[in-house]
Amino acid sequence: MTCLKAQKEQRPSLRQRIRAAAEQMDLPDGMTYGQPQLTLDGDLQLLVERHHGIAEYGTQRIRIASKDFTIEVQGERMQLVAMDRDSIRIRGHIVSVGYLYQE
């Protein structure tokens, strides 16, 4: 019975196996940790994937919750044009994108 226990302890954790698989597939680190992925198309459109919902919405400021921080998008005439469980698409004149960390 001791022999089986020793073999189990040597087995990598699920997190370690996922991290190793992501490295082998050359995936970005954020994908394995659930971090959001932002794709900015010039200053006209922003796609946020792996979000946790809208925290604040207005035509000049939109705040999007994520796992570890809030994403703040500032601009003019901004609109939420699409949102589903996995992604949010914003259009308008995007002036800045920032990260707000709670202390």
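Refer to the structure presented above.
Worth saying up front: this structure is predicted, and the values here are computed from it rather than measured.

Asker: Help me understand the overall build of the chain in this model?
Answerer: When helices and strands are counted, the chain shows three helices and six strands. Along its sequence from the N terminus, the chain presents helices and strands in the succession α-α-α-β-β-β-β-β-β. Across the 103 residues of the chain, 22% fall into the buried class. Of the contacts formed within the chain by residues at least 6 apart in sequence, a portion of 41% connects residues at least 24 apart.

Asker: Could you clarify how one ought to interpret the packing of aromatic side chains in this entry?
Answerer: Two measures describe an aromatic ring pair: the distance that separates the ring centres and the angle between the ring planes. Scanning the entire structure with this criterion turns up two aromatic pairs. With a centroid separation of 5.1 Å and 90 degrees between ring planes, the pair formed by F69 and Y99 is classed as edge-to-face. In this pair, F69 sits in the loop between β4 (61-65) and β5 (70-83) while Y99 sits in strand β6 (residues 87-100), placing the two residues 30 residues apart along the sequence. Classification of F69 by relative accessible area gives buried; the value is 12%. Measuring from centroid to centroid gives 5.2 Å for F69 and Y101, while their planes differ by 55 degrees, and the two rings are tilted. Of the two residues, F69 is situated in the loop between β4 and β5 and Y101 in the segment after β6; the sequence distance between them amounts to 32 residues.

Asker: Explain a nonpolar patch on the surface to me, please; I cannot follow it from the model alone.
Answerer: Judged by side-chain polarity, I54, Y57 and M83 come together as a nonpolar surface patch covering roughly 280 Å² of accessible area. Note on placement: M83 falls in strand β5.

Asker: How should the nonpolar core be read in this particular structure?
Answerer: One recurring pattern in soluble globular proteins is that nonpolar side chains are buried together. Ranked by size, the top nonpolar core spans 11 residues in total: L46, V48, I62, I64, F69, I71, V73, M78, I88, I90 and I94. Going through the elements one at a time, β2 (45-49), β4, β5 and β6 are the ones with two or more residues in this core. For I90, the contacting residues outside a window of four places in its chain are L44, Q45, L46, I62, I64, V73, M78, Q79, L80 and V81.

Asker: I'm lost on the environment of E56 in this one. Help?
Answerer: Within the secondary structure layout, E56 lies in strand β3 (residues 54-57). Spatially, the C-alpha atoms of E56 and E72 are 9.0 Å apart, while their sequence positions differ by 16 residues. Look past the residues within four positions of E56 in its chain and what remains in contact with it is R61, I62 and R63. At 2.9 Å, the side chain of E56 and the side chain of R61 are in polar contact.

Thresholds applied
- Residues numbered from 1 in each chain as written.
- Predicted model: local features only at pLDDT ≥ 70, side-chain atom pairs only at ≥ 80, totals over all residues.
- Heavy atoms only, no water.
- Helix = DSSP H or I, 4+ residues; strand = E, 2+ residues; numbered from the N terminus.
- Buried < 20%, exposed > 50% of the residue type's maximum accessible area, 1.4 Å probe, protein only.
- Contact = heavy atoms within 4.5 Å.
- Phe/Tyr/Trp six-rings, centres within 6.5 Å; stacked < 30°, edge-to-face > 60°.
- Patch = residues over 30% accessible without salt bridge, like charges linked within 9 Å, V, L, I, M, F, W, Y side chains within 5 Å.
- Areas by Shrake-Rupley, 256 points an atom, 1.4 Å probe, with all protein chains shown as cover.
- Salt bridge = Lys/Arg side-chain N within 4 Å of Asp/Glu carboxyl O.
- Core = buried A, V, L, I, M, F, W, Y, C linked by side-chain atoms within 4.5 Å.
- Polar contact = N/O pair within 3.5 Å; in protein donor to acceptor, adjacent residues only side chain to side chain.

Any functional reading would require information beyond the geometric quantities listed.
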